[in-house]
Amino acid sequence: METTRKHKVPEMEGFQARWYAKNRGTEAQLAQYRRQAAEVTAGLADGAEILEVAPGPGFFAVELAKLGFRVTGLDISHTMVEIALEEARKAGVDVGFRQGDVTNAPFAAESFDFLVCQAAFKNFRQPVAALNEMHRVLRPGGFAVIQDLNHEATGADIQRDVAGMNLGAVSGFTVRQTLGWLRRRAFTPAQFEALAAESVFGGCSVTTDGIGLEVRLTR
């Protein structure tokens, strides 16, 4: 039976979305996105088609596009799509940001070579349905990477991660509190393995690092 979460986090819209974008758009964060974009696409063919699920303000998708990949972003938030389109315009790259729900993705089957989802999977009310759609839109041999909070991360892990964001005192405190709250919603590695086994992917590999975990799934 489909795993459905009882509570759903409201989509970020308006002021909340713009506050989030401001705090994720610091120089330290942008440098991290650049590093992550290079790392996560290592070995990917030139011109590969990438889908980022829940790209939020679009900073990571923009960095992927700068590397020469054809990038599409799908986000549930109308405001985030507006912000992301503006970020792509300012960066001079073409990214196809669209509003929509990952459990009913508005794309044909086998449309993408690679899929990435950062810091959002814990908020999906129907995680197995989301995984099944990710599988559907990937081409044979394509793969997905999901990066998110680890439910088993400690308070010290969160403190270290936020310290590296170079935020002010007030914003740093707010982000620490927010991460602590979001961690309670996040999955453990074992729970992710169970979700992947229930999905059409049939399994996954999970690694952990600090407050985060990374899940890799192959079509």
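Rules used throughout
Residues numbered from 1 in each chain as written. Predicted model: local features only at pLDDT ≥ 70, side-chain atom pairs only at ≥ 80, totals over all residues. Heavy atoms only, no water. Helix = DSSP H or I, 4+ residues; strand = E, 2+ residues; numbered from the N terminus. Buried < 20%, exposed > 50% of the residue type's maximum accessible area, 1.4 Å probe, protein only. Contact = heavy atoms within 4.5 Å. Polar contact = N/O pair within 3.5 Å; in protein donor to acceptor, adjacent residues only side chain to side chain. Pairing = 2+ DSSP bridges. Axes fitted to C-alpha atoms, helices over the stretch in contact; angles between N-to-C directions.

- For the protein chain, an unreviewed UniProt entry supplies the name Class I SAM-dependent methyltransferase and the organism Amycolatopsis balhimycina DSM 5908.

**Some thoughts on the environment of Gln99**
Right, on to step 1. In this structure, Gln99 sits in strand β3 (residues 95-99).
Right, on to step 2. Residue classification places Gln99 among the partly exposed positions, given a relative accessible area of 35%.
Right, on to step 3. In the structure, Gln99 is positioned 25 residues away from Leu74 in sequence and 5.7 Å away in space, judged by C-alpha atoms.
Right, on to step 4. With near-sequence residues (within four places) excluded, Gln99 lies in contact with Leu74, Asp75, Ile76, Ser77, His78 and Val81.
Right, on to step 5. A distance of 2.9 Å separates a polar atom in the side chain of Gln99 from the backbone oxygen of Ile76.

**Details of the side chain of Ser111**
Right, on to step 1. The residue Ser111 is located in the loop between β3 and β4 (112-118) in this model.
Right, on to step 2. Looking at Ser111, its side chain comes within polar contact range of the main-chain oxygen of Ala108, at 2.5 Å.
Right, on to step 3. Not counting chain neighbours up to four residues away, the residues in contact with Ser111 comprise Glu49, Val137 and Arg139.

**Examining the sheet that holds strand β1 (residues 49-53)**
Right, on to step 1. A sheet is described by the order of its strands in space; here 7 strands give the open sequence β3-β2-β1-β4-β5-β7-β6, paired in mixed fashion. With partners counted over all chains shown, the strands left at the sheet margins are β3 and β6 (205-209), one partner each. Across the sheet, the axes of successive neighbouring strands diverge by a mean angle of 15°, strand direction being ignored.
Right, on to step 2. Relative to strand β7 (residues 212-218), strand β5 (residues 138-149) is paired through 7 bridges, and the arrangement is antiparallel.

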